[in-house]
Amino acid sequence: MNLTKEDKILEVKNLCTSFFTDEGEVKAVDGVDLSIEKGKTLGIVGESGSGKSITSLSILRLLQEPAGRIKEGEVIFKGEDLVKKTKKQMREIRGNNISMIFQEPMTSLNPTLTCGEQIAESIRIHQKLNKKKAWAKAVDMLKLVGIPSPEKRAKQYPFELSGGMRQRVMIAISLACNPELLIADEPTTALDVTIQAQILELIKNLQKELGTSLMIITHDLGVVAEMCDKVAVMYCGKVVEYADVKTIFTNPKHPYTIGLLNSVPKHDEDVEGDLSIIPGSVPNPFHLPEGCRFAPRCPHAKEICLTKLPHLEETFDGDKVRCWIHSEEWEKQGKAVNAHE
Amino acid sequence: MSNQALLEVKELKQYFPIKGGVFGRTVNHVKAVDDISFTVNEGETVSIVGESGCGKSTTGRAILRLDNPYSGNVLFEGEDLISLSKAQMRKKRKDLQIIFQDPYASLNPRQTVSQILEEAMEIQSVVPRKDRRKKIQELLETVGIGAHQMDRYPHEFSGGQRQRIGIARALSVNPKLIVCDEAVSALDVSIQAQVLNLLKDLQRQFKLTYLFISHDLGVVRHISDRIIVMYLGKIVEIADKKALFDDPKHPYTQALLSAIPSTNIAEKKERIILKGDVPSPIDPPVGCRFHTRCPYAFERCAVEEPKLMNVGNGGFQQVACHLMDEQAK
Ligand SMILES: Nc1ncnc2c1ncn2[C@@H]1O[C@H](COP(=O)(O)OP(=O)(O)OP(=O)(O)O)[C@@H](O)[C@H]1O
Ligand code: SF4
Ligand SMILES: [Mg+2]
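Residues numbered from 1 in each chain as written. Chains lettered and ligands numbered in written order. Predicted model: local features only at pLDDT ≥ 70, side-chain atom pairs only at ≥ 80, totals over all residues. Heavy atoms only, no water.

A. Layout of the sheet that holds strand S4 (residues 71-76) of chain B. All names here are of chain B. Strand order in the open sheet formed by 4 strands is S2-S1-S4-S5, with antiparallel pairing between adjacent strands. Only two strands of the sheet have a single neighbouring strand rather than two, namely strand S2 (25-41) and strand S5 (79-80). In the sheet, strand S1 (residues 5-20) pairs with S4 via 5 bridges, with the strands oriented antiparallel. Bridge assignment links Leu7 to a residue of S4, and that residue is Phe76. (Pairing = 2+ DSSP bridges. Helix = DSSP H or I, 4+ residues; strand = E, 2+ residues; numbered from the N terminus.)

The following block contains the structure:
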């Protein structure tokens, strides 16, 4: 785990992003720490509303201001803090160094331009190529992402393509500038599984070929297991566990991670009787629990969990866990407080 | 579970017209469901799986006559639902309920939970008025919502709780069959597990029969007794759960199962990656509809449509694929 700065393409430190609404402040991202190694893939998992998307939008500085604002923290990309960059500098970084793919390709593609024009345009903004050369490169990109008869497809509009094809076009656009980091927010959630398999395979192959670092946001633990090297599990705006993929799936430590893994019905395994569940539901973002955010649902919670927020601590095997169980104080604590059966 | 058929779907077709030209004439049809037959026994959970546009939801809607089918028969306890008048069908819905993916869209935002349940009982007049309040309380407790919350509005509940309200509404008329159309798909996994357990529990308690429509094969494996796999409006395989997951026979079923990313990182399996996209249901391929993407397709597949045939040794398994013939030879 002793990585030097150079090995990390991105390092997020104590990122805090809030939304200020009529009802009050929503701490969407509340002290997130994570990092991505060069050429590697980080997965972010967690339930709806846990702050996955806002983390990525904060990194890219694409928050809807002024309602949403980064309050604190650093986003170190290649040694420089993105939080301190101007809007103009960020636009350049988003065009040249970091790209993003969203869940619904239809809403992020321009319906009035052909696919070829859109790719060529993003090439021309960032590379000084003439129209003809940019078009040729656009067709190359379509070919690269596995679109059959790319010359013909380049002349078509997004609505003329299937969902899987559109996602390929999105990938082509986002890779056109040779980004060092690609952030993909639920890139395959809207797609059918057989098409998802195609797209995941494509992303993996392109990553190998181009050496791109990758951050994948997903609620699908299968996708994480297939794609990622490292995993950050988020709950209520915080990272509760951060470890390599093998550890997360074979030796998870945070009670939320364990609960999450157990409640997924698996297609390749029989479960006798009922699924194991996490009782209750995610707390209201305006009334977060004071101590550990997971305490109201946690089968192990003790007194300290209700009052004091645990830190993200490194365990003996390099796994990082935000839970009192892994502290020295734990043994001194009394009985568990939640009487879940 | 019994071997008594509760629902029999026979040669069901659902074609939606495509209008065109100046006169708005029907120029073609989307063949959303194209001649499918299956049986659901009392107390059983039968799932329909397949990718978007394969006809899963259309089948569910046609059975309940939310859209009247183009042709075919739907026998419920031996009675043909298709021949019923509208008024008769409305009465029949007491026995056949449906739960949708988005509970929010199907709950009236201006009604409290108790009004929603009361209205359902009123329409079907199953519970005498004086007993309704008590029944509502029971129903809410059954689905795990405190009865003290009965005067709240849908927006005051979380997604999982709203789905529980949708379930309570379906239960309020004492149905025999519930069609669950992607009923847990929009829920987070931890909440999804709660609702799945609830559905199983209710089935035991009230001897319910489920037709469970889902694209999630993990969920389907957990809840089903038998599974129907559809592709482009056709059934390609029907089998007992064990046979389907342990020994899938249709090349599409095999590809579908192998495409699902697995959380089992110790055992990486070789993946079958299908080429291309699902063809259009307006103009589906002739012969076997899967032949354009099938890794094993041979000449016969492009000309002759395979029929569903029994292949199970012991258990129940039917497959529509010419390879079955070839292997039998
Ligand atoms: N524009 C906004 N105004 C107010 N609150 C917001 C806004 N956008 C997001 N939030 C809140 O921020 C929190 C984190 O949201 P975020 O979109 O990051 O979740 P997520 O983990 O990506 O969830 P999902 O899995 O549903 O995509 C949530 O509580 C959400 O309600
Ligand atoms: S800190 Fe306490 S409540 Fe939180 S996850 Fe750990 S044991 Fe559970
Ligand atoms: Mg999101």
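Picking up after the structure, the text goes on.
B. Geometry of the nonpolar core. One finds A:Ile119, A:Val169, A:Ile171, A:Val231, A:Phe249, A:Tyr256 and A:Cys305 to be the most contacted residues of the largest nonpolar core, which totals 66 residues. For this core, the element with the most residues is helix H7 (residues 163-175) of chain A, which contributes 7 residues. Counting only domains with at least three residues in this core, you end up with domain 1 (8-236) and domain 2 (239-267 + 291-340) of chain A. Listed in part, the 37 residues of the second largest apolar core include B:Ile136, B:Cys180, B:Ala183 and B:Leu199. (Core = buried A, V, L, I, M, F, W, Y, C linked by side-chain atoms within 4.5 Å. Buried < 20%, exposed > 50% of the residue type's maximum accessible area, 1.4 Å probe, protein only. Domains from an automatic or database assignment.)

C. Up close: the environment of B:Leu75. Residue and element names in this part refer to chain B. Its location among the elements puts Leu75 in strand S4. What makes Leu75 buried here is its relative accessible area of 15%. Distance from Leu75 to Glu299, taken between C-alpha atoms, is 37 Å for residues 224 residues apart in sequence. Setting aside its immediate chain neighbours within four residues, Leu75 contacts Leu6, Leu7, Glu8, Lys10 and Asp80. (Contact = heavy atoms within 4.5 Å.)

D. Broad picture of the interface of chain B and chain A. Taken together, the contact between chain B and chain A spans 36 residues of the former and 41 residues of the latter. Of the roughly 3400 Å² buried between chain B and chain A, counting both surfaces, carbon and sulfur atoms make up 55%. Counting across the chain B and chain A interface gives 2 salt bridges. The salt bridge partner of B:Arg271 is A:Glu226, with a shortest N-O separation of 3.3 Å. In this assembly, chain B and chain A are joined by 16 residue pairs in polar contact (both at pLDDT 80 or more). Residue assignment for the side of chain B that touches chain A shows that the elements contributing at least two residues are helix H7 (189-206), helix H8 (217-223) and helix H10 (251-259) of chain B. For the side of chain B that touches chain A, the leading source of residues is H7(B), giving 10 residues. Residue classes in the side of chain B that touches chain A are distributed as 15 nonpolar, 11 polar and 10 charged. (Buried area = accessible area lost by both parts, 1.4 Å probe. Salt bridge = Lys/Arg side-chain N within 4 Å of Asp/Glu carboxyl O. Polar contact = N/O pair within 3.5 Å; in protein donor to acceptor, adjacent residues only side chain to side chain. Nonpolar A, V, L, I, M, F, W, Y, C, P; charged D, E, K, R; others polar.)

E. The arrangement of the packing of H7(A) against helix H8 (residues 193-210) of chain A in detail. All names here are of chain A. Close contact between H7 and H8 brings their axes to 10 Å; oriented N to C, the two are set at 15°. As judged from the angle between their axes, H7 and H8 are roughly parallel. Considering how the two elements wind past one another, H7 and H8 form a crossing that is right-handed. On H8, the residues touching Gly164, Gln167, Arg168, Ile171 and Leu175 of H7 are Ile195, Gln198, Ile199, Leu202, Ile203, Leu206 and Leu210. For the contact of H7 with H8, the class distribution of residues is 8 nonpolar, 3 polar and 1 charged. (Axes fitted to C-alpha atoms, helices over the stretch in contact; angles between N-to-C directions. Parallel < 35°, antiparallel > 145°, perpendicular 65-115°, else oblique. Left-handed = near helix turned anticlockwise from the far one by under 90°.)

F. Representation of the side chain of A:Arg297 within the structure. Along the chain, A:Arg297 turns up in the loop between helix H11 (255-263) and helix H12 (303-307). By relative accessible area, A:Arg297 is classed as buried at 2%. At 3.1 Å, the side chain of A:Arg297 forms a polar contact with the side chain of B:Ser190.

All quantities given are derived from atomic positions and should not be read as evidence of function.
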